[in-house]
Amino acid sequence: MKVKSLFCALLLVVVSVLLFGCGPMSDGEKKTDRPDNTDVETEPETGNSQSDGFALVRNGVAVRIVHPLGGDGTERILAEKIAGYIGSMTGVTPEVSDDYLKNGASYNKKTVEILIGNTGYSESETAYKELAYGASAIRFVGNKLVFVGIDVDDLVLKFVSACKKTMDAGKNIVLPSDFRLEIAAPEALRAIPAVEVGTGEYPSVLYSGDNCYQLKFSNPVTEEDYTNYLGKLEQAGYTRYTENTLGKNRFATYTNDSVAVSIALTARSRMTVLAEPLANTDLTMLKPENNNYDKANASQETLFTMLGLLENQTTRDKAADDTGYLDDETVNGMSFIVRLSDGSFLINDGGHSSEWNADRLYAVLRQQAPNPDNIVIAAWIVTHAHGDHVGILTSFGKKYGESVTVERLIYNFPDEELTKSADCGDSKAEAITSIKAYFKGVPVTKAHAGQCFYIRNAKITILNTLELMQAVTNIYTMSSTVWYYNDCSLNYILEVEEKKILLLGDAGVTACQVLRTLYEGSGVLECDIVQAAHHGVNGG
């Protein structure tokens, strides 16, 4: 019994030392396998939620700002910008770090933090799932202030203004728990049903220009996902306008009274959805039954003409041939003219903006038209907005716009934000200005991959646009910006009189690789004539 009592006494002493002798463990002494950039729970005054709101800066201590690891650094740049704003207001600059967590590690949900973009934290996922496509918001989810959406930059200044209003004399910033800033989604995106795929992925939203928005999925989707979404569109009141299969790639266009939706499922199991106002894009010629013309009297021989070009007016006197055909003084640029069976024309690009080029184009049209006083351009297709392709719209439109009838324009010019890293200059803006000035009222189609246009005795099949490239390659999707503008070129097949011509514009190596990836071996690319991409220089 004495031995047992002594053992119990010793055990009591050891337990007492363990419980009380060492004192409380400080945060610095806690043992954890989480990485250095993962917060431990802090005391309330350093930024946790309080009954009076959420403290972003309190007693000289700022919360941390977290951005996703990887990508093109856009979120990191935004995080640093916000940190700079807070630092300039309070004298305390928040720490900026990425969301990396080691295997098995977790982050502290109780700590107030600012999350930028789609981080690996569940609060970011929640914010995105509750966000309408194309909307942007700054809001609290749990203890995290989450910045989500495609136009967050537009909300940052409003956020800074709100911080200034709530900052007290001690330069503490405490935001109310119901704090929220939001930019509503564009009407076209609000009008479409949510896309549900087996992976559960929330799509990225890209602005494609001309009020057209793209939903892009980075992970593979299935045929079932694609088919299910077509069904959801029909349940939401949309009607199938066209559907097309090119090789192993499926394409469909659905419309309601106000919105057009273009859906693609590629041979690489990547899906993209485009939504745009129906009033912004003319879909008429996508249906063969709308291709109405006098077939009985369409007896003109179909001609394909490549127009010789000069870059500027100063070289005009050197040209030996004023009829519009190639000579030794012509330079790069692109201008193809197709006379159709009824005597109307298709024009591909056109060349530089010079009066001489406009004169040459008009001369060929007059020469080949059955009635030179009634020149009809059934469709003018512009592959991309470089000046040696699109510039002619200005010079020709100004001088001859009222002398010809243009029935439609077909192009797809990406938004400037997508092409800010590329060399486009002012040619796109000049082209749009000229279209509004000289081709006012002419229907415009923003072309998308998979669309087929039926125009007189010609069929035009769009094979590739920048939007499709973004769906199938990581070259541009990592940053959502284009560094080589030529890859914005429309690539299409022209079928006329049982001949097939592959027109590539200035497609670069990447664009041509995408064409091969999607269509090679399917027969889609088999043709009689291939236009050398990018004038045969640095092309595919």
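Residues numbered from 1 in each chain as written. Predicted model: local features only at pLDDT ≥ 70, side-chain atom pairs only at ≥ 80, totals over all residues. Heavy atoms only, no water.

Caption draft 1: Representation of the overall build of the protein within the structure. Helices and strands together make up the secondary structure of the protein, namely 13 helices and 28 strands. Burial analysis of the protein (540 residues in total) assigns 52% to the buried set. A separation of at least 24 residues holds for 68% of the contacts in the protein among residues at least 6 apart in sequence. (Helix = DSSP H or I, 4+ residues; strand = E, 2+ residues; numbered from the N terminus. Buried < 20%, exposed > 50% of the residue type's maximum accessible area, 1.4 Å probe, protein only. Contact = heavy atoms within 4.5 Å.)

Caption draft 2: Local environment of unusual backbone geometry. The phi dihedral of His534 falls on the positive side, at around 50 degrees, and the residue is not glycine. Inspection of the secondary structure assignment puts His534 in the segment after β28 (529–530). By relative accessible area, His534 is classed as buried at 15%. Phi is positive for His535, which is not a glycine, with a value near 60 degrees.

Caption draft 3: Examining the packing of helix α7 (residues 355–368) against helix α9 (residues 392–400) more closely. Packing of α7 against α9 leaves a shortest axis separation of 8 Å and a crossing angle of 65 degrees. What the angle tells us is that α7 and α9 run roughly perpendicular. Both α7 and α9 take part in a crossing whose hand is right-handed. Along its contact with α7, which presents Glu355, Asn357, Ala358, Asp359, Leu361, Tyr362 and Leu365, the element α9 presents Ile392, Ser395, Phe396, Lys399 and Tyr400. When its residues are assigned to classes, the contact of α7 with α9 shows seven nonpolar, two polar and three charged. (Axes fitted to C-alpha atoms, helices over the stretch in contact; angles between N-to-C directions. Parallel < 35°, antiparallel > 145°, perpendicular 65-115°, else oblique. Left-handed = near helix turned anticlockwise from the far one by under 90°. Nonpolar A, V, L, I, M, F, W, Y, C, P; charged D, E, K, R; others polar.)

Caption draft 4: Spotlight on the packing of aromatic side chains. Enumeration according to the criterion identifies 14 aromatic pairs in this entry. Centre to centre, the rings of Tyr207 and Tyr213 are 4.8 Å apart; their planes meet at 45 degrees, and the pair counts as tilted. Classification of Tyr207 by relative accessible area gives partly exposed; the value is 26%. With a centroid separation of 5.4 Å and an interplanar angle of 40 degrees, the aromatic rings of Phe304 and Phe336 are classed as tilted. (Phe/Tyr/Trp six-rings, centres within 6.5 Å; stacked < 30°, edge-to-face > 60°.)

Caption draft 5: Looking closely at the side chain of Ser97. Looking at the element boundaries, Ser97 is found in strand β5 (residues 96–98). Owing to a relative accessible area of 8%, Ser97 belongs among the buried residues under this scheme.

Caption draft 6: Representation of the pattern of salt bridges. Inspection of every chain in the model, using the stated rule, returns 19 salt bridges. For Arg64, the salt bridge identified is with Glu113, shortest N-O distance 2.6 Å. On the criterion of sequence distance, the pair formed by Arg64 in strand β4 (residues 64–67) and Glu113 in strand β6 (residues 113–116) is long-range, its members being 49 residues apart. Overall, the relative accessible area of 4% leaves Arg64 in the buried class. Notably, a salt bridge pairs Glu407 with Arg408, separated by 3.7 Å at the nearest N-O pair. For Arg408, a relative accessible area of 9% puts it in the buried group. Ionic contacts of the salt-bridge type, sharing partners, join the residues Glu223, Arg240, Glu243 and Arg250 into one network. (Salt bridge = Lys/Arg side-chain N within 4 Å of Asp/Glu carboxyl O.)

Caption draft 7: Region of interest: the sheet that holds strand β25 (residues 458–464). Read across the sheet, five strands follow the order β24-β25-β26-β27-β28 without closing on themselves; strand pairing throughout is mixed. One side of each edge strand has no neighbouring strand; the edge strands of this open sheet are β24 (452–455) and β28. Alignment of strand β26 (residues 491–496) against strand β27 (residues 499–503), held across five bridges, turns out to be antiparallel. Looking across to β27, one finds that Glu495 is bridged to Lys500. With respect to the sheet, helix α13 (residues 509–519) is in contact with β25 and β26, its orientation differing from that of β25 by roughly 105 degrees. (Pairing = 2+ DSSP bridges.)

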